[in-house]
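# Observations on the model geometry
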2 protein chains.
Amino acid sequence: MSENTPGDRYLEVIPIGGMGEIGKNMFAYRFENEIMVVDGGLAFPDAHMLGIDLLIPRIDYLQQHAAMIKGWILTHGHEDHIGALPYILPRLPKVPMYGARLTLGLLREKLSEFGIREQDVDLREVETDARLKIGKHFTVDLFRMTHSIPDNAGYVLHTPIGRVVHTGDFKLDERPTDGKPSELGKMTQAGEDGVLLLISDSTSAERPGFTPSEAEIAENLEAVIAQAKGRVFVTTFASHTHRIQNIIYAAEKHRRRVIMEGRSMIKYAQVAQSLGYVDLKDPLVTTDEMGDLQDSQVLFICTGSQGQPMSVLSRLAFGNHAKIALHPGDTVILSSNPIPGNEEAVNTVVNRLYEIGVDVFYPPTYKVHASGHASQEELKQVLSLSKPKYFLPWHGEPRHQINHARLAQAMPHPPKRTLIAKNGDVIRLTPDDFRVTGTVPAGAVYVDGLGVGDISDDIIQDRMAMSSDGVLILTAVLHPTPHVELISRGFVKSNRDLENSIRKVALEAVENGMREKRRLEDVRDDMYGAVRRFVRKVTGRNPVLIPLLVE
Amino acid sequence: MSENTPGDRYLEVIPIGGMGEIGKNMFAYRFENEIMVVDGGLAFPDAHMLGIDLLIPRIDYLQQHAAMIKGWILTHGHEDHIGALPYILPRLPKVPMYGARLTLGLLREKLSEFGIREQDVDLREVETDARLKIGKHFTVDLFRMTHSIPDNAGYVLHTPIGRVVHTGDFKLDERPTDGKPSELGKMTQAGEDGVLLLISDSTSAERPGFTPSEAEIAENLEAVIAQAKGRVFVTTFASHTHRIQNIIYAAEKHRRRVIMEGRSMIKYAQVAQSLGYVDLKDPLVTTDEMGDLQDSQVLFICTGSQGQPMSVLSRLAFGNHAKIALHPGDTVILSSNPIPGNEEAVNTVVNRLYEIGVDVFYPPTYKVHASGHASQEELKQVLSLSKPKYFLPWHGEPRHQINHARLAQAMPHPPKRTLIAKNGDVIRLTPDDFRVTGTVPAGAVYVDGLGVGDISDDIIQDRMAMSSDGVLILTAVLHPTPHVELISRGFVKSNRDLENSIRKVALEAVENGMREKRRLEDVRDDMYGAVRRFVRKVTGRNPVLIPLLVE
């Protein structure tokens, strides 16, 4: 791309992930020959992506333009904003990467798990209100926004063609746990000076009103803990440092020692505590160190808010935790909502807890959880303060983006133009224009076990077919006398009659083929076709059929 | 069981299905040597029951006591109350089966699909307020209850030891579509005469307040239809005759012809219409008969309320319907909630509709659906009218049963005893006692394709394993020179290096085994173990491994 005359200058806004979806958030901004990157998150797979552990953004565009990347900023430490970095960073040049203390603390923990050394990256700790210069053209003015993790930031991006305000993930919590509310001053100032583009969090654009404050949830949690007679178990997102702080405060107030259970819960707590983000009277104890504490003197914070089978809460609910057994008199609080797709798993855990006879508290029946994302009235407040000329609803599926766009359209001074964008769209922004001018490769790379990108949609299709009807392997041995062996997995219960019939059908096809001296592939195909039709007819099923010929 | 003296007489209440779950409702009542059966429903599989189409109750107890069965009553025509009958009836003796007109109409349709002839069964049509004598000991007094399908009934069961009130599925709708509210007179009278046991619908025992009336939903639907400019598409449960009637009324009022799309929708509508349960000004038309109707003159009622991939709404949303393409200006209404487990599928459809640019309406954002089950205030009303001595919360998972029990316990005159029962519990009821005295076989029989009961949990386990990591088949051919062939499905993308390494590991194990002259099974096990360890180490995965030896 050639240098342009000033009048032709433009900013390219390129959502690499997180646009039209919730998860794997990542942005690239390009101005002339400089690129600035924001975040690098992962997403969790849909139910139909069988066996996939997680999804990371495709970074072809950044790899192709690696030399242009001048810097990287991280808005906060959630998985959907930094979780892909251990996979991505080794494939891109080392550039300054700016983030707040907790964000970098969580990232360092993650990088070290992957064996990425401190000298392989260029991490630079900044305050959430820092002003950063990236390359020649980008000035980033960070501002703190309240969310479900400390050290969360939005930013005003100053560029030669105008200002962009990006909210980051946020809610407008008037009573945040750390006493540090959103700093709306920079956004307000930008609004007065003129905002060319607003990029804002659409997650809860369908929810009317205001998202409850963390303080309200803390009060409700404390009320439940206050009336509990026996042990108390609380699960929440391991990364939700504010919530965990409030649970600790409530435990301390009611003279309960806090015990952490579950690897990810302990890991997050250690990082947050070592960096000064958790305020504790007494050191945390482990289950082994509990000693002779009474039931009324303990509170467990444990993993399992999503009903994950190996989590502490699931093991407690199913009675297979090595050290702890729940019993009537215990109180269990799920201070979390199931992420879409996990409803059934969480419901199963809740039912098991009821069956054990513990007292169970969960939203929405009990108000022991609130989202970290802004509801409609908060979104309107941001639109009203920033008064953008153009608007890009982000961090949401199409339903959230479009409802966010409608909110904007209903404002007294609506944006001149709103785009409902997709990952990979190249959005060109000038003082007078805002439109998609092209696309770059985008989408998800599947991570499965140790493999990154070695699973294709074909493979998922095969997994889908086998998950529904199993696999049936036909081995036809041709010499000396043709015969057929049958092995199945996940098909039907052993059934001698059915197996004999299938073998007979297969053998007939093989013998016919050999008599007619057909080519071996054709014989195999004949056997495949004959068995397939027969199995479908008599069982109503379509197992994945694998025909083998052995000469 | 021997005849007892009057003082020792008892009623056995045996939930065959529907207790501790939502689905496959079925009860047996036994008094001395007589059994009466209620309903015979199916359930839909959980996400982890891979490939299973549906679940039906195990009927071992009824088969073992077949000669005692004196009669069968059906409370209403929903799948979770009559859907298992085509599988069950052929395995039990022909006894009088009582049901209201629509219930039997829907059942007949179902039986004929399965090739069960009218003379194979003994269907007896009754009014929803009929009084039936079953065997020597059972008198059943049906009473109409409002629900999401017409002809829905509860009953008072008079037995020699006292009265049982069973609500059936219900809500207390004061403004039902057919103008026929719940008849609470018999329940009230029974309450005055003395109810020994109440069995009541727990589905929505966690929901405060009252469930909205169908009339309220009808008004909201009409408001959406009134303001629509282009075509209108509405999906709802095919069995929800009241809702469909209200949609038809709204269409007629706004001069739109009604077009039905989708096999199950048309089938239900035909049965309901032929039996006089649907009131229509103009005959329904098909898409082919639409002729030159304008967009503003048509309303489609179509399948797809659960995001089912082959349903009409899904095909419309994904742009692969053969005859109709959605476009901006169209209105789509989802007059239904996703059943637990279907949230993701419905969400995907909603997002696609937004992307197409149609106007989409769905609960809870828009109040275009209400449940057919009673909320807490209605449940309390039933408890208050029937004043039972004992209470059995039914039609719910443990969380619903236990919250229902708590509601009952908080009444001014709480039941003397409440049982949280499970399927298969034998609950003995006498004027002075109410307890579980034993169990009968219970649980689910899996239906998959044409197979009933030929899928075991082992097979589901294999499907689960293959759905996550695929299958890898190792064929070791021993003679003349040992070599190993590899075939995989659903494992990883073709990768020559990995395949060669696996083959090498397998061949080494085989050659070692042969050199040491080990038994063939041992050679196969060695190969299996070596490859399993190797694959786990280099890929982090555990595909289902199938080792074959060919001599």
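Residues numbered from 1 in each chain as written. Chains lettered and ligands numbered in written order. Predicted model: local features only at pLDDT ≥ 70, side-chain atom pairs only at ≥ 80, totals over all residues. Heavy atoms only, no water.

Note the following rule: UniProt positions are given in the numbering used here, feature names are shortened, and annotations may be inferred rather than shown by experiment.
An unreviewed UniProt entry lists chain A under the name Ribonuclease J, from Deinococcus peraridilitoris. UniProt's Function (unreviewed entry) comment on chain A is quoted here verbatim: "An RNase that has 5'-3' exonuclease and possibly endonuclease activity. Involved in maturation of rRNA and in some organisms also mRNA maturation and/or decay." As recorded by UniProt, the Sequence similarities (unreviewed entry) comment attached to chain A reads in full: "Belongs to the metallo-beta-lactamase superfamily. RNA-metabolizing metallo-beta-lactamase-like family. Bacterial RNase J subfamily."

### Some details on the pattern of salt bridges
Oppositely charged side chains can pair when the atoms bearing their charge come close. So the rule is basically this: We define a salt bridge as a side-chain nitrogen of Lys or Arg found within 4 Å of a carboxyl oxygen belonging to Asp or Glu. Burial here depends on accessible area, computed with a 1.4 Å probe over protein chains only, as a share of the maximum for the residue type. Under 20% is buried, over 50% is exposed, and the range in between is partly exposed.
Evaluation of the coordinates by the stated rule reveals 61 salt bridges over all chains. Across the pair D522 of chain B and R519 of chain B runs a salt bridge whose closest N-O atoms are separated by 3.4 Å. Given a relative accessible area of 52%, R519 of chain B falls into the exposed group. Taken together, the shared-partner salt bridges in this structure form one network comprising D448, D454 and R463 of chain A together with R541 of chain B.

### Thoughts on the sheet that holds strand β24 (residues 471-477) of chain B
All names here are of chain B. For the record, the criterion: We call two strands paired when DSSP finds no fewer than two bridges between them. A helix here means a DSSP run of H or I that spans at least four residues, while a strand means a run of E at least two residues long, and both kinds are numbered starting from the N terminus. With axes taken as lines fitted to C-alpha atoms, and helix axes fitted only over the stretch in contact, angles between N-to-C directions fall between 0 and 180 degrees. Residue contacts are defined here by distance: any two heavy atoms, one from each residue, within 4.5 Å place the two residues in contact.
The mixed open sheet is built from 3 strands, whose spatial order is β25-β24-β26. With partners counted over all chains shown, the strands left at the sheet margins are β25 (483-489) and β26 (544-550), one partner each. Strand-to-strand twist of the sheet, defined as the mean angle between neighbouring strand axes without regard to direction, takes the value 15°. With 7 bridges connecting them, β24 and β25 associate as antiparallel partners. From the neighbouring strand, L474 faces β25, where its bridge partner is L486. On the sheet, helix α15 (residues 520-539) packs against β24 and β26 and is oriented at approximately 145° with respect to β26.

### Brief notes about the relation of the copies chain A and chain B
Rule in force here: The least-squares superposition of copies is restricted to C-alpha atoms, and to residues with a pLDDT of at least 70 in both copies.
When chain A is fitted to chain B, the best match, at an RMSD of 0.1 Å, comes from turning it 180° and sliding it 0.0 Å along the axis. Taken together, the turn and the small shift mark the pair as related by a two-fold rotation axis. Among all residues of chain A, the one whose C-alpha sits closest to the rotation axis is S467 of chain A, at a distance of 2.4 Å. Interface overlap between copies: 100% of the residues of chain A at the interface are likewise at the interface in chain B, consistent with a symmetric, same-surface contact.

### Things to note about the UniProt feature "binding site: Zn(2+) 2" (unreviewed entry) in chain A
Residues given the UniProt feature "binding site: Zn(2+) 2" (unreviewed entry) here are H78 of chain A. Residue H78 of chain A is classed as buried on the basis of its relative accessible area of 11%.

### Things to note about the interface of chain A and chain B
Using the following cut-off: Summed over both partners, buried area is the accessible surface (1.4 Å probe) that two parts give up on being assembled. Whenever a nitrogen or oxygen atom comes within 3.5 Å of another N or O atom, the pair is scored as a polar contact, on the condition that within protein one atom can donate a hydrogen and the other can accept it, and that pairs from neighbouring residues in sequence are kept only if both atoms are in side chains. Nonpolar residues are Ala, Val, Leu, Ile, Met, Phe, Trp, Tyr, Cys and Pro. Charged residues are Asp, Glu, Lys and Arg, and all others, Gly as well, are polar.
Listed as interface residues are 60 residues of chain A and, on the opposing side, 60 residues of chain B. Together, the buried faces of chain A and chain B total about 4900 Å²; carbon and sulfur atoms form 55% of this surface. Three residues stand out in chain A for area buried against chain B, namely E344, Y354 and R399 of chain A, and they jointly supply 13% of the buried area on that side. Remark: the boundary between chain A and chain B carries 5 salt bridges. The salt bridge involving D359 of chain B is made with R406 of chain A; its shortest N-O contact spans 4.0 Å. Where chain A packs against chain B, one counts 32 residue pairs in polar contact (both at pLDDT 80 or more). Of all the elements in the fold, those that place two or more residues in the side of chain A that touches chain B are α10 (343-356), α12 (398-409), α13 (457-469), β24 (471-477), β25 (483-489), α15 (520-539) and β26 (544-550) of chain A. Of the residues contributing to the side of chain A that touches chain B, the split by class is 24 nonpolar, 17 polar and 19 charged.

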